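Chain residues, written in single-letter form:
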Amino acid sequence: MADKPSLPRGTRDFGPAVMSKRLYIFDTIRAVFRQYGYMPLETPAMENLSVLTGKYGDEGDQLIFKILNSGNYLDGISDAQIAEGAKPLTKHIAEKALRYDLTVPFARFLAMNRNEVALPFRRYQMQPVWRADRPQKGRYREFYQCDADVAGTTSLICEAEIFGMIQQVFGQLGIKDYTIKFNHRGILAGLAELIGATGQEATMCVAIDKLDKIGKDGVTKELLDSGFSATAIDLLFELLDKPLSESDFGQSLTEKGFTIPTQLLTGLADLAQVLEIAESLGLDAKPLYFDLSLARGLSYYTGAIFEVKINGVQIGSVSGGGRYDNLTGLFGWPNVPGVGFSFGVDRLYDCLQELNLFPEAVLQSTQVLVANFDLEKSQPTGLKILAALRAAGHRAEIYPEPAKLKKQLGYADAKHIPLVILLGEDELSTNQCTIKNMFSGEQKQVPMSDVVAEVERTMVG
RNA sequence: GCGAUCGUAGCUCAGUCGGUUAGAGCGCCAGAUUGUGGUUCUGGAGGUCGUGGGUUCGAUCCCCAUCGUUCGCCCCA
């Protein structure tokens with residue numbers, strides 16, 4: 001036997017059954033993005049390495065998949081350079097790399113096309129990204145991101161509309177019980193200022209973000225290790241102590257006699273306005289929760305941040321995003337603000353699977369199979385019916401070789417084909433055909449001229 | 001980058017305290033049933049037990065290495 005083929009670790013094939021379900025999710029999301037005026041964008045799988053490095057921090061740079069130069073990539077490399085080790089050598093032998101996310105390529109695109117894009121520019125992008133990470137549960141080295149961003153506006157309408165898109169996508173996918181948690185980086189920065197840790201909000205945020213994972217003691221330890229004072233940490237937890245809403249939070253701070261930092265006030269005002277716009281848009285306020293402990297890891301967020309969790313399943317957040325001030329600055333186009341979010345398709349898939357929310361129709365590839373008893377005799381009629389069904393817009397196929405009926409029906413069964421048209425001598429001689437419903441087992445003889453109409457009637461019922 | 005875990009049929013896994021010919025379920029193919037699938041029964045195909053080395057009279061089993069898997073930490077989606 002030849003060597004068994006295998007896949008690089010952290011990558012997957014998506015077979016037809018899985019793909020059908022994935023496409024259902026992609027199609028739903030795409031339709032909603034378009035409805036909100038977002039335009040499609042695709043960028044190359046590979047970027048110049050210099051575009052990607054330095055954007056994700058040291059750890060991120062390590063996780064970028066580099067592409068070895070073509071030809072003799074050691075040409076012009078001196079022994080001294082080799083002696084320096086792998087890291088400094090990388091940029092000489094690998095000039096290209098696989099994209100690590102969709103945000104940086106988007107920023108690169110904007111900077112390169114700044115004279116052509118009309119701001120505010122809304123784009124969505126659904127493509128795979130690659131990370132040279134160590135795979136584990138729910139983490140892959142190739143996975144899809146579904147991003148939608150709008151660049152060039154500070155309007156809070158965008159934030160509210162993102163909540164709208166999330167609600168619409170979830171509504172269409174049949175997900176009812178979910179929570180959209182939101183917070184604001186200004187509030188977190190203000191919080192840091194209040195506890196006398198100005199400038200250290202990044203460390204603070206990373207720690208807070210883990211609150212529900214490692215608990216209060218874990219966070220305390222991590223902050224102490226990072227050099228926060230015990231009094232600052234106590235104060236932090238006092239402030240974090242579960243305010244009900246963003247307005248209650250502001251109020252409770254005033255009652256406790258704190259002088260509220262400006263950026264905190266701005267954050268609170270922003271969030272209040274987002275909620276107001278959301279209400280005007282007719283959004284459901286129930287899933288929206290202000291959560292002061294939400295921090296999100298990504299450091300480039302500067303305004304509102306949010307994250308979506310589906311309740312009742314043990315799966316992390318399925319969507320998240322936020323506002324940032326300076327998307328394209330690294331590519332030489334300063335002061336372009338933006339806000340964006342993305343859906344985690346793989347996790348959404350797991351949720352729908354667990355909640356059993358994929359519609360039966362998603363699994364059906366072909367709607368009608370034309371079967372035959374004697375291919376030679378029934379072929380002309382079969383092809384005619386096939387063409388008529390396709391012309392009427394139905395997905396139809398003919399069983400292409402002579403085989404026992406048992407096998408043909410088994411094929412229909414395996415492929416979840418709901419209707420089978422049987423063509424044998426009896427049918428041909430009376431100019432009729434038999435339509436079999438594979439779910440109920442019912443059969444019906446109809447005249448050839450009525451086949452399409454009967455198929456349509458059966459599919460509706 | 002660190003720490004574990006597991007590699008036996010297409011899939012999920014048993015098993016041999018080291019001993020002739022390595023098993024089951026599911027799946028696949030065929031028949032029972034030459035015009036009827038998803039149920040049932042019968043039969044069949046399919047494995048150098050991840051790879052390389054060592055110990056041994058003898059290794060799928062013990063030891064070492066290597067590759068791969070899965071999971072936790074870091075980080076992240």
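Thresholds applied
- Residues numbered from 1 in each chain as written.
- Chains lettered and ligands numbered in written order.
- Predicted model: local features only at pLDDT ≥ 70, side-chain atom pairs only at ≥ 80, totals over all residues.
- Heavy atoms only, no water.
- Pairing = 2+ DSSP bridges.
- Helix = DSSP H or I, 4+ residues; strand = E, 2+ residues; numbered from the N terminus.
- Axes fitted to C-alpha atoms, helices over the stretch in contact; angles between N-to-C directions.
- Contact = heavy atoms within 4.5 Å.
- Phe/Tyr/Trp six-rings, centres within 6.5 Å; stacked < 30°, edge-to-face > 60°.
- Buried < 20%, exposed > 50% of the residue type's maximum accessible area, 1.4 Å probe, protein only.
- Lys NZ or Arg CZ within 6 Å of the ring centre and 35° of its normal.
- Near = heavy atom within 4 Å.
- Polar contact = N/O pair within 3.5 Å; in protein donor to acceptor, adjacent residues only side chain to side chain.
- Nonpolar A, V, L, I, M, F, W, Y, C, P; charged D, E, K, R; others polar.

Participant: What exactly am I supposed to notice about the sheet that holds strand β16 (residues 443–447) here?
Facilitator: Paired through backbone hydrogen bonds, the strands of a sheet run either parallel or antiparallel to each other. Spatial strand order, β13-β12-β14-β15-β16: 5 strands in an open sheet with mixed pairing. Across the chains shown, the open sheet's two edge strands, defined by having one partner strand only, are β13 (396–398) and β16. Shown here is a sheet whose adjacent strand axes are inclined to one another by a mean of 25 degrees, direction ignored. Two elements, strand β12 (residues 368–372) and β13, share 3 bridges in a ladder whose sense is parallel. Paired with Val370 across the bridge in β13 is Ile398. Along the sheet, helix α17 (residues 405–414) makes contact with β12, β13, β14 (419–423) and β15 (432–437), crossing β12 at roughly 170 degrees.

Participant: Help me understand the packing of aromatic side chains in this model?
Facilitator: To describe a pair of aromatic rings, you give the distance between the ring centres and the angle between the ring planes. Applying the stated criterion across every chain yields a total of 20 aromatic pairs. Seen from their ring centres, Phe109 and Phe121 are 6.4 Å apart, and the 25 degrees between their planes marks the pair as stacked. In this pair, Phe109 is assigned in helix α6 (residues 103–112) and Phe121 in strand β5 (residues 121–130), connecting sequence segments 12 residues apart. Judged by its relative accessible area of 16%, Phe121 falls in the buried class. Their ring planes at 55 degrees and their centres at 5.4 Å tell us that Tyr349 and Phe358 sit as a pair that is tilted. Aromatic rings pair up to connect Phe33, Tyr38, Tyr124, Phe170, Tyr178, Phe341 and Phe343 into one cluster. Above the face of the Phe14 ring, Arg22 is positioned so that its terminal group lies 3.8 Å from the ring centre.

Participant: Hey, could you run me through the pairing of strand β9 (residues 301–310) in this one?
Facilitator: Residues in a regular strand point their side chains to alternate faces of the sheet. Burial runs high along β9: 7 of the 10 residues are buried. Taken together, the 7 bridges between strand β7 (residues 178–184) and β9 define a ladder with antiparallel strand orientation. The partner of Asn183 across the bridge, within β9, is Ile305. Where β9 and strand β10 (residues 319–324) come together, 5 bridges link them in antiparallel fashion. The residue of β10 that forms the bridge with Phe306 is Gly321.

Participant: Would you mind showing me how to read the protein's contact with RNA strand B here?
Facilitator: If you check the shell around RNA strand B, you find 31 residues, and the closest are Arg139, Tyr140, Lys404, Asp426 and Gln443. Each atom of RNA strand B within 4 Å of the protein was classed as base or backbone; sugar and phosphate made up 40%. Between RNA strand B and the protein, one listed contact pairs a phosphate oxygen with a side-chain N or O atom of Gln136 at 3.1 Å. At a separation of 2.5 Å, a base nitrogen of RNA strand B approaches a polar side-chain atom of Gln443. Among the elements of the structure, α17 and α18 (425–430) are those that each provide at least two residues to the surface near RNA strand B. Counting residues per element, the surface near RNA strand B draws most heavily on α17, which supplies 5 residues. For the surface near RNA strand B, the class distribution of residues is 9 nonpolar, 6 polar and 16 charged.

Participant: What should I look at first to understand the pairing of β14 in this one?
Facilitator: With 5 of its 5 residues buried, β14 lies for the most part within the structure. By the alternation rule, side chains of β14 split into Leu419, Ile421 and Leu423 and Val420 and Leu422, which are all buried. Where β12 lies against β14, 5 bridges are found, and the strand directions are parallel. Looking at β14, one finds that Asn372 is bridged to Leu423. Here β14 pairs with β15 via 4 bridges, running antiparallel.

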